[in-house]
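# Residue-level structure breakdown
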Amino acid sequence: MLQSKLFCKTRKEKPKDAQTISHQYLVRGDFIEQTIAGVYRLLPLGWLVYQKIENIIREEMLNLGAQEVYLPVLQNKNLWLETKRWDTIDPPLFKLKDRHQKEIALGPTHEEEMVDIVRKRVKSYKDLPLALFQIQTKFRNELRPSGGLLRTREFIMKDLYSFDKSKEEALKFYSKVKKAYFRIFKKCGLDPICVEASSGTIGGEYSEEFMVLAESGEDRVLICEKCGFSVNLEKIGEKKECPKCQSSFEEKRAIEIGHIFYLGTKYSQLMNATFLDKNGEKKFIYMGCYGIGLQRLMATIVEIWHDEKGIIWPNSVAPFKFHLIPIEDSSRVKKMAKNIEVNLQKRNIEVLLDDRRNLTPGEKFSDCDLIGIPTRVVISEKTLKKNSVEIKKRSEKKLKLVKVSEFLKNPQKYA
């Protein structure tokens with residue numbers, strides 16, 4: 001990709017309303033743009049990162065044996081009345097009327113929709129277990145959207161729903177999802193903790209949140225200094241003593257990046273989702289639901305991976321793997337830069353070539369640091385005299401001269 005063709009206009013000044021690092025850098029790097037409070041556009045660089053995150057999540061969901069669906073944003077009021085959540089869910093629903101004056105909700109979650117699909121199709125224990133997921137837009141009527149992508153009113157969410165014959169089987173799948181979530185977040189460059197949480201208006205018997213410790217986090221978690229038990233302060237209140245070992249808690253700020261729920265039969269009872277067991281007896285289906293907000297995950301990565309110059313994307317989610325920067329306008333330098341770009345592209349290695357003219361090396365380096373591509377490759381007359389390129393990892397300060405032939409032999413070694 002030629003940077004002169006990339007639809008991206010970086011800016012030096014931070015947005016006036018940006019309180020978090022991720023908000024500042026994602027706007028300055030032209031990854032995102034706000035339209036109204038709590039609603040953001042994903043621009044080309046932002047969409048590239050988003051797609052990497054989505055692919056990581058989808059792969060883990062499919063590995064669990066879950067099947068992907070895509071359900072409507074516009075939801076039937078009658079389904080919400082069945083679960084008594086039409087007027088009680090928090091934040092409250094976005095509600096609208098169609099031209100026939102019928103009320104419709106913009107979906108913040110899809111328990112009702114999923115149960116409606118399953119209750120029409122699952123009749124026997126032979127139809128279970130079943131897991132369905134989607135990656136789809138959600139709407140939350142937040143009172144105070146804040147922190148850029150950390151708290152928004154419209155966002156894309158991966159939501160997974162499991163349906164089982166028994167509590168034991170449901171909890172086994174819950175445990176598998178929990179492990180898959182740790183793998184997802186690790187692949188995204190994060191090291192979360194899992195804490196007991198309040199189930200809020202989703203409800204169910206039990207839930208846990210995946211938290212990344214960060215000063216910019218809105219949540220407060222309590223971590224036992226002795227046994228490691230952790231819980232969201234929202235669930236346990238002001239209690240300062242661990243219920244497991246009676247040791248003292250340490251309170252820390254954190255960002256929630258995932259929430260998993262063991263629902264039991266809450267929704268299947270409210271919506272009459274049943275199956276016939278081996279003895280022909282009618283039983284309610286046991287459920288779990290599991291969510292990840294993708295844009296919030298993107299912002300959290302930036303909250304952890306940055307320095308004073310800009311973003312430091314982990315390799316797995318970076319918009320490009322290499323940032324080629326020729327710093328002189330000679331034909332020799334331009335030709336080598338183009339040769340390297342073509343060579344990498346032929347191997348399906350994502351590369352951004354800064355071919356912009358009338359910019360100083362310092363200006364190019366500043367943009368490079370801001371948008372955070374993992375590896376910078378500088379080509380100049382000076383490096384070419386040694387048949388080399390200058391390589392610098394975004395996460396490191398040291399520079400390395402590497403022979404062009406050596407670099408092209410195994411570029412992934414330097415990614």
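The preceding data block contains the structure.
Reference entry: report on the structure contained in this document. (Residues numbered from 1 in each chain as written. Predicted model: local features only at pLDDT ≥ 70, side-chain atom pairs only at ≥ 80, totals over all residues. Heavy atoms only, no water.)

### Some remarks on the pairing of strand E6 (residues 103-106)
Pairing analysis gives 3 bridges linking strand E4 (residues 74-76) to E6, with the strands arranged antiparallel. Note that in E6 the partner of Leu74 across the bridge is Leu106. Bridging between strand E5 (residues 94-97) and E6 involves 4 bridges; their strand directions are antiparallel. Looking at E6, one finds that Lys95 is bridged to Ala105. Here E5 hands over to E6 after 5 residues, with Gln101 in that stretch at a positive phi of 65°. (Pairing = 2+ DSSP bridges. Helix = DSSP H or I, 4+ residues; strand = E, 2+ residues; numbered from the N terminus.)

### Observations concerning helix H5 (residues 167-187)
Relative to the 30 Å expected for 21 residues at 1.5 Å per residue, H5 spans 30 Å between its end C-alpha atoms, a close match to the ideal helical length. Taken residue by residue, H5 has Ala170, Phe173, Tyr174, Val177, Ala180, Tyr181, Ile184 and Phe185 as its buried positions. One side of H5 holds all its buried residues, which, seen down the axis, span an arc of 130°. Turned more than 90 degrees off the buried face of H5, the exposed positions are Glu168, Lys172, Lys176, Lys179 and Lys186. (Expected span 1.5 Å × (residues − 1). Buried < 20%, exposed > 50% of the residue type's maximum accessible area, 1.4 Å probe, protein only. Arc of directions from axis to C-beta.)

### Focus: the environment of Asn76
The topology assignment puts Asn76 in strand E4. When the C-alpha positions of Asn76 and Glu112 are compared, they lie 9.1 Å apart, and in sequence the two are 36 residues distant. Looking at Asn76, its side chain comes within polar contact range of the main-chain nitrogen of Asn78, at 2.8 Å. (Polar contact = N/O pair within 3.5 Å; in protein donor to acceptor, adjacent residues only side chain to side chain.)

### Examining unusual backbone geometry
The linkage connecting Asp90 with the following residue, Pro91, adopts the cis geometry, with an omega of 0°. With respect to the helices and strands, the residue Pro91 is situated in the loop between helix H3 (77-82) and E5. With omega at 5°, the peptide bond leading from Leu128 into Pro129 counts as cis. Its identity is not glycine, yet Asn358 carries a phi of approximately 65°, on the positive side.

### Details of the sheet that holds strand E17 (residues 322-326)
Across the sheet, which stays open at both edges, the 5 strands sit in the order E18-E17-E19-E20-E21 with mixed pairing between neighbours. Single-partner strands in this sheet number two, and they are strand E18 (351-353) and strand E21 (400-403). Between one strand axis and the next, the sheet turns through 30° on average, direction left out of account. For E17 and strand E19 (residues 375-379), the ladder comprises 5 bridges, and the chain directions are parallel. Residue pairing in the sheet places His323 in a bridge with Arg376 of E19. Most of the contacts of helix H10 (residues 361-371) go to E17, to which it runs at about 175°, and overall it touches E17, E18 and E19. (Axes fitted to C-alpha atoms, helices over the stretch in contact; angles between N-to-C directions. Contact = heavy atoms within 4.5 Å.)

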